[in-house]
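If you want the building blocks of each chain, they are given just below.
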Amino acid sequence: MSIDSNFSDPRFAVDREALIARLRKVLPVQALLIEDEELRPYECDGLTAFREMPLLVALPENEAQAQALVKVCYELKVPIVPRGAATGLSGGAMPHRDGVVVSLAKLKKIIKLDPVARTAVVQPGVRNLSVSEAAAPFNLYYAPDPSSQIACTIGGNVAENSGGVHCLKYGLTVHNVLRVRGITADGEIAEFGNAALDAAGYDLLALMNGSEGLLALITEVTVKLTPKPELAQVVLASFDNVTKAGDAVASIIAAGIIPAGLEMMDKKATHAVEPYVKAGYDMNAEAILLCESDGTPEEVAEEIGRMKAVLEKSGASEIRVSQNEAERLKFWAGRKAAFPAVGRVTPDYLCMDGTIPRKRLAEMLIAIADLSQKYGLRCANVFHAGDGNLHPLIMYDANQPGEVERAADFGADILELSVAFGGTVTGEHGVGVEKINVMAVQFSLSEISAFHRLKAAFDERGLLNPGKGIPTLARCREYTQTRAGAALSAPRF
């Protein structure tokens with residue numbers, strides 16, 4: 001699905017040749033891509049249902065080059081779309097047809113790692129997993145661990161406020177970042193937060209986390225490092241009923257237990273994963289829970305015992321505890337491979353990202369099953385169950401007429417249900433273009449107006465990632481008037 005090619009934003013009238021000439025003065029030859037075959041790989045991120053060809057792609061090699069190109073774009077009123085590893089799943093890095101995609105992939109240095117202060121200063125193109133690998137000799141690691149951590153970058157993690165399977169205990173990206181350095185829309189260098197625990201003035205650092213490239217181009221991040229626990233073990237619990245599994249999640253938290261990780265997968269997800277990873281999951285279970293405890297051996301033994309008692313009382317049909325580190329990693333490998341595993345059994349899928357109160361997980365699973373029947377599309381479910389973050393994987397075939405639209409409608413229903421259940425339209429994937437319509441369901445027009453005023457305070461000309469994250473007021477009115485069990489066919493800039 002592409003953006004409506006007949007739609008053009010009157011704010012931007014870009015002279016492409018003049019722009020190329022100006023950018024060639026501030027960038028090396030190899031840092032500017034202009035030919036169609038060079039631009040095509042940048043037409044989408046992990047949300048492949050929506051695509052757009054960029055005007056140009058720039059790959060600055062340092063902050064000075066990035067700053068220079070931003071100043072050129074500001075002067076010529078050219079939109080900028082920041083891009084990291086493009087593993088994002090909400091279309092946040094999808095190009096603007098009249099804009100420059102600025103890939104920060106070449107800014108990939110770990111500038112400083114301080115094991116005493118337990119911090120690392122990194123450029124935005126550093127992979128998430130690379131931080132933990134660099135910190136490992138000091139018995140430290142970077143806690144947020146998205147499933148794509150082998151490829152996703154720290155800059156992208158900050159832009160989307162990424163989470164991961166251990167976010168319940170150790171927090172999202174926002175809880176693990178001390179400082180962000182970036183370039184504002186007019187080309188000025190700005191810093192948010194600092195290496196101390198607090199900073200004077202408004203908490204603009206929190207604003208940068210999840211800002212989706214709308215407020216600044218990130219060039220440097222200072223992250224917290226966490227000591228590795230002495231021991232970690234996983235309880236793998238099987239359930240013959242998804243309601244029991246959902247209720248077990250709420251019961252664990254209600255018992256005052258905060259596991260290091262608490263994940264849920266339904267039968268469709270485990271049946272996709274097991275042949276791919278051979279994680280040892282129960283193939284007869286309607287749902288499984290992965291509950292991890294970490295700390296000292298004594299702490300882990302006590303917490304595992306408490307979790308087992310809750311799971312038994314909740315009706316678990318089988319409970320297994322990892323006996324060594326290899327088995328623990330094997331259990332987690334299945335969960336972390338859920339997205340590629342589902343990709344092996346369907347031509348295409350949409351990965352949704354709503355969040356609901358934990359106590360309503362079972363209700364949502366039943367509702368999703370009903371929607372699957374309604375739209376005639378399969379759906380596998382994986383959850384960051386501990387914090388109610390849903391990842392329904394809606395399977396479809398883009399080559400079959402109408403299936404893209406049905407998948408989009410299915411996803412919109414899930415997101416609207418998330419809001420109706422007291423939750424939100426996103427947990428960690430961001431809004432991008434995927435959820436921009438449904439923002440009108442969660443927020444009032446006055447709230448959307450406030451978002452626009454905040455955006456304008458940083459980017460008065462609206463050049464940074466236009467058309468993402470915040471819908472126009474007209475778009476909100478159109479969506480609320482048009483939506484009657486069916487989503488609009490596609491977002492528009």
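Relevant structure appears above.
Residues numbered from 1 in each chain as written. Predicted model: local features only at pLDDT ≥ 70, side-chain atom pairs only at ≥ 80, totals over all residues. Heavy atoms only, no water.

1. A word on the packing of helix α1 (residues 16-24) against helix α3 (residues 63-76)
Orientation of α1 relative to α3, taken along the N-to-C sense of each, is 150°, at an axis distance of 10 Å. It follows from the interaxial angle that α1 and α3 lie roughly antiparallel. Between α1 and α3 lies a crossing of right-handed hand. Here Leu19, Arg22 and Leu23 of α1 come into contact with α3, specifically with Leu69, Val72, Glu75 and Leu76. Split into classes, the residues belonging to the contact of α1 with α3 amount to five nonpolar, no polar and two charged. (Axes fitted to C-alpha atoms, helices over the stretch in contact; angles between N-to-C directions. Helix = DSSP H or I, 4+ residues; strand = E, 2+ residues; numbered from the N terminus. Parallel < 35°, antiparallel > 145°, perpendicular 65-115°, else oblique. Left-handed = near helix turned anticlockwise from the far one by under 90°. Contact = heavy atoms within 4.5 Å. Nonpolar A, V, L, I, M, F, W, Y, C, P; charged D, E, K, R; others polar.)

2. Remarks on the environment of Arg344
In this fold, Arg344 is placed in the loop between α12 (338-343) and β16 (348-351). C-alpha separation for the pair Arg344 and Ala272, spaced 72 residues apart in sequence, amounts to 7.8 Å. If we ignore the near neighbours within four places in the chain, the residues touching Arg344 are Ala272, Pro275 and Tyr276.

3. Points about the packing of aromatic side chains
Counted according to the given criterion, the structure contains four aromatic pairs. Taking the centre distance of 6.4 Å and the plane angle of 40° together, the rings of Phe192 and Phe458 count as tilted. Here Phe458 lies in helix α16 (residues 445-458) and Phe192 lies in strand β9 (residues 189-193), a separation of 266 residues in the sequence. Both residues of the pair, Phe192 and Phe458, count as buried. Residues Phe443 and Phe451 carry aromatic rings whose centres are separated by 5.1 Å and whose planes lie at 80° to one another, so their mutual orientation is edge-to-face. What makes Phe451 partly exposed here is its relative accessible area of 28%. Sitting over the face of the ring of Tyr74, Arg461 holds its NZ or CZ atom 3.9 Å from the ring centroid. (Phe/Tyr/Trp six-rings, centres within 6.5 Å; stacked < 30°, edge-to-face > 60°. Buried < 20%, exposed > 50% of the residue type's maximum accessible area, 1.4 Å probe, protein only. Lys NZ or Arg CZ within 6 Å of the ring centre and 35° of its normal.)

4. Quick word on α1
Considered for burial, the residues of α1 that qualify are Leu19, Ile20 and Leu23. End-on, the buried residues of α1 take up no more than an arc of 100°, which puts them together on one face. Buried-residue contacts for α1 involve β1 (32-33), β2 (56-58), α3 and β4 (100-103). The N-cap of α1, judged by a side-chain oxygen 3.3 Å from the amide nitrogen of Glu17 a few residues on, is Asp15. (Arc of directions from axis to C-beta. Polar contact = N/O pair within 3.5 Å; in protein donor to acceptor, adjacent residues only side chain to side chain.)

5. Digging into the sheet that holds strand β5 (residues 110-114)
Read across the sheet, five strands follow the order β5-β6-β10-β8-β9 without closing on themselves; strand pairing throughout is antiparallel. Here the strands that pair on one side only, and so sit at the sheet edges, are β5 and β9. Taken pair by pair, the neighbouring strands of this sheet meet at an average axis angle of 10°, ignoring direction. The pairing of strand β8 (residues 177-183) with β9 spans five bridges and is antiparallel. Looking at the pairing, Gly182 lines up with Ala190 of β9. Against the sheet, α3 touches β8, β9 and β10 (217-224), its axis set at about 50° to β8. (Pairing = 2+ DSSP bridges.)

6. Observations regarding the pattern of salt bridges
For the coordinates displayed, the defined rule picks out 26 salt bridges. Measuring nitrogen to oxygen at the nearest pair gives 2.7 Å for the salt bridge that ties Glu63 to Arg181. Of this pair, Glu63 sits in helix α3 while Arg181 sits in strand β8, placing them 118 residues apart in sequence. For Arg306, the salt bridge is made with Glu302, and the minimal N-O distance between the two is 3.9 Å. (Salt bridge = Lys/Arg side-chain N within 4 Å of Asp/Glu carboxyl O.)

7. Comments concerning the packing of helix α13 (residues 361-375) against helix α14 (residues 403-420)
Two numbers describe a pair of packed helices, the interaxial angle and the distance between the axes. Orientation of α13 relative to α14, taken along the N-to-C sense of each, is 155°, at an axis distance of 10 Å. As summarised for this structure, α13 and α14 are arranged roughly antiparallel, according to the angle between their axes. With respect to the hand of their crossing, α13 and α14 are arranged in right-handed fashion. Residues Met364, Ala367, Ile368, Leu371, Ser372, Lys374 and Tyr375 of α13 lie in contact with α14, whose contacting residues are Arg406, Asp409, Phe410, Asp413, Ile414, Leu417 and Ser418. Per-class residue counts for the contact of α13 with α14 are eight nonpolar, two polar and four charged.

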